[in-house]
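Overview (structure and organization)
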Amino acid sequence: MNSTGIRIAAAVAGLAAVGAVSFAAVPATAAPAPATHKGVIQTSHLSIAAASKAAQAALDAAGKAGQHVSVAVVDRDGNTILTLRGDGAGPQSYSSAQEKAFTAVSWNAKTSELVGRLQQTPTLKDIDGTLFLAGAVPVAAGGAPIAAVGVAGAPSGAQDEAFAQAGVDALGK
């Protein structure tokens with residue numbers, strides 16, 4: 001392995017140890033930056049296992065209620081971790097679940113609460129990728145949003161949100 005390969009391997013190993021962070025080229029002999037280093041930000045993220053648990057719990061809650069929905073779990077940046085399209089869920093539910101989850105994590109609030117904010121600031125709905133309909137609940141760690149669960153496809157946003165809440169609640173079990 002050449003010196004560039006060693007530096008890349010060291011950088012990847014460092015990322016695995018401290019989580020996803022931005023970094024510049026790291027000399028092969030450099031130690032990982034301490035958590036208190038200026039410019040280094042550590043964040044919390046849901047594991048794929050936790051995201052799967054939340055999504056499945058939301059889908060199960062909808063199934064028990066006889067509803068056919070899609071469930072999306074997004075990370076703090078609004079990137080989709082996973083989406084489950086339930087049997088019989090409508091074609092619009094897939095993207096709607098993702099957009100609801102993105103909206104909830106962006107403002108760290110249930111989307112049902114955010115609907116009220118549109119009365120004061122109607123242009124919020126113009127932000128690309130958002131959907132201000134009830135049906136998503138943020139996941140917080142230390143008071144900061146780290147993810148969100150969004151559900152779409154039930155006859156009402158209140159039902160979607162109850163299913164999303166079941167997904168979030170499953171994370172505490």
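This one's a predicted model, so the numbers in the text were calculated from it and none came from an experiment.

**As for unusual backbone geometry**
The phi dihedral of Asn108 is positive, around 50°, even though this residue is not glycine. Following the sequence through the fold, Asn108 ends up in the loop between helix H3 (93-107) and helix H4 (111-120). For Asn108, a relative accessible area of 32% translates into the label partly exposed.

**Points about the environment of Ser95**
Structurally, Ser95 can be placed in helix H3. When the C-alpha atoms of Ser95 and Arg85 are compared, they prove to be 10.0 Å apart, with ten residues separating the residues in sequence.

**Considerations on the side chain of Thr103**
Its place among the elements puts Thr103 in helix H3. Aside from chain neighbours lying at most four places away, what touches Thr103 is Thr111, Leu114, Gly129, Thr130, Leu131 and Phe132.

**Observations regarding the sheet that holds strand S1 (residues 70-75)**
On the basis of which strands lie adjacent, the open sheet formed by four strands has the order S2-S1-S4-S3 and antiparallel pairing. Either end of the sheet is taken by a strand with one partner, and the two such strands are strand S2 (80-85) and strand S3 (136-141). Neighbouring strand axes in the sheet, compared pairwise and without regard to direction, differ in orientation by 15° on average. Pairing analysis gives five bridges linking S1 to S2, with the strands arranged antiparallel. Note on S2: the bridge partner recorded for Ala72 is Thr83. Lying over the sheet, helix H2 (residues 48-64) contacts S1, S2 and strand S4 (144-152), oriented at roughly 30° with respect to S2. H3 contacts S1, S2, S3 and S4 of the sheet and is inclined by roughly 155° relative to S4.

Criteria and cut-off values
Residues numbered from 1 in each chain as written. Predicted model: local features only at pLDDT ≥ 70, side-chain atom pairs only at ≥ 80, totals over all residues. Heavy atoms only, no water. Helix = DSSP H or I, 4+ residues; strand = E, 2+ residues; numbered from the N terminus. Buried < 20%, exposed > 50% of the residue type's maximum accessible area, 1.4 Å probe, protein only. Contact = heavy atoms within 4.5 Å. Pairing = 2+ DSSP bridges. Axes fitted to C-alpha atoms, helices over the stretch in contact; angles between N-to-C directions.

It is worth stressing that arrangement in space is one thing and function is another; only the former is reported here.
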